[in-house]
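In case you want the letters, here they are:
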Amino acid sequence: MSISKEYQERIIDLVEVNSVTEVTVLAKTIGIDYRSLSYSLKYGIVPTSRKLINIADYFNVPIEYLLGKTRSEE
C-alpha cells in the first residue's frame, strides 16, 4: 500500500469537477468498494492496479495523470 498526496489531490479534483455528491454511489458505479475510494479521498492511499484502472477509465484520464506523473488529463 502506498500513499500519494498527488493522487489524493487529483482524485479529489476529479470528484469535485464531476459534481459527485455520493461517494458510495460513485464507488459502485466505478466497480470498486467504497472503502478503497474513501481511503483514496481521505488519505491518498493508492488502490490496487485493477481499481486504479477502473477509476481512470471512469474519469477518462490516464493513470499517469491520476498518480501525478503528468499535468495533462489527456
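Residues numbered from 1 in each chain as written. Predicted model: local features only at pLDDT ≥ 70, side-chain atom pairs only at ≥ 80, totals over all residues. Heavy atoms only, no water.

### Re the packing of aromatic side chains
Line of reasoning, step 1. Summed over all chains, the structure comprises 2 aromatic pairs.
Line of reasoning, step 2. Considering the side-chain rings of Tyr-58 and Phe-59, the 4.9 Å spacing of their centres and the 85 degrees angle between planes classify their relative orientation as edge-to-face.
Line of reasoning, step 3. The ring of Tyr-65 has Arg-10 sitting right over it, with the charged end atom 4.1 Å from the ring centre. (Phe/Tyr/Trp six-rings, centres within 6.5 Å; stacked < 30°, edge-to-face > 60°. Lys NZ or Arg CZ within 6 Å of the ring centre and 35° of its normal.)

### Quick look at the nonpolar core
Line of reasoning, step 1. Counting 18 residues, the largest nonpolar core has Tyr-7, Ile-11, Leu-37, Ile-55, Phe-59 and Leu-66 as its most contacted members.
Line of reasoning, step 2. Among the elements of the structure, α1 (5–17), α2 (23–30), α3 (34–43), α4 (49–59) and α5 (63–66) are those that each provide at least two residues to this core.
Line of reasoning, step 3. Dropping the residues within four chain positions of it, Leu-37 is found in contact with Ile-11, Val-23, Leu-26, Ala-27 and Ile-32. (Core = buried A, V, L, I, M, F, W, Y, C linked by side-chain atoms within 4.5 Å. Buried < 20%, exposed > 50% of the residue type's maximum accessible area, 1.4 Å probe, protein only. Helix = DSSP H or I, 4+ residues; strand = E, 2+ residues; numbered from the N terminus. Contact = heavy atoms within 4.5 Å.)

### Some points on the packing of α2 against α4
Line of reasoning, step 1. For the pair α2 and α4, the least separation of the axes is 9 Å and the interaxial angle reads 100 degrees. When the interaxial angle is binned, α2 and α4 end up roughly perpendicular. Along the contact surface, α2 presents Leu-26, Thr-29 and Ile-30, while α4 presents Asn-54, Ile-55, Tyr-58 and Phe-59.
Line of reasoning, step 2. Along the lines of polarity and charge, the residues of the contact of α2 with α4 split into 5 nonpolar, 2 polar and no charged. (Axes fitted to C-alpha atoms, helices over the stretch in contact; angles between N-to-C directions. Parallel < 35°, antiparallel > 145°, perpendicular 65-115°, else oblique. Nonpolar A, V, L, I, M, F, W, Y, C, P; charged D, E, K, R; others polar.)

### Observations concerning the pattern of salt bridges
Line of reasoning, step 1. Tallied over the full model, the rule gives 1 salt bridge.
Line of reasoning, step 2. Note that Asp-33 and Lys-51 form a salt bridge whose closest N and O atoms lie 2.9 Å from each other. Of the two residues, Asp-33 is situated in the loop between α2 and α3 and Lys-51 in helix α4; the sequence distance between them amounts to 18 residues.
Line of reasoning, step 3. A relative accessible area of 37% means that Asp-33 is categorised as partly exposed. (Salt bridge = Lys/Arg side-chain N within 4 Å of Asp/Glu carboxyl O.)

### Comments concerning α2
Line of reasoning, step 1. Along α2, the residues that are buried comprise Leu-26, Ala-27 and Ile-30. Down the axis of α2, the sector holding all buried residues measures 100 degrees, keeping them to one side. Counted as exposed and oriented over 90 degrees from the buried face of α2: Val-25, Lys-28 and Thr-29.
Line of reasoning, step 2. Lining the buried residues of α2 we find α1, α3 and α4.
Line of reasoning, step 3. Phi for Gly-31, located one or two positions after α2, is positive at around 95 degrees. (Arc of directions from axis to C-beta.)

As far as function goes, none of this settles anything; it's purely spatial.
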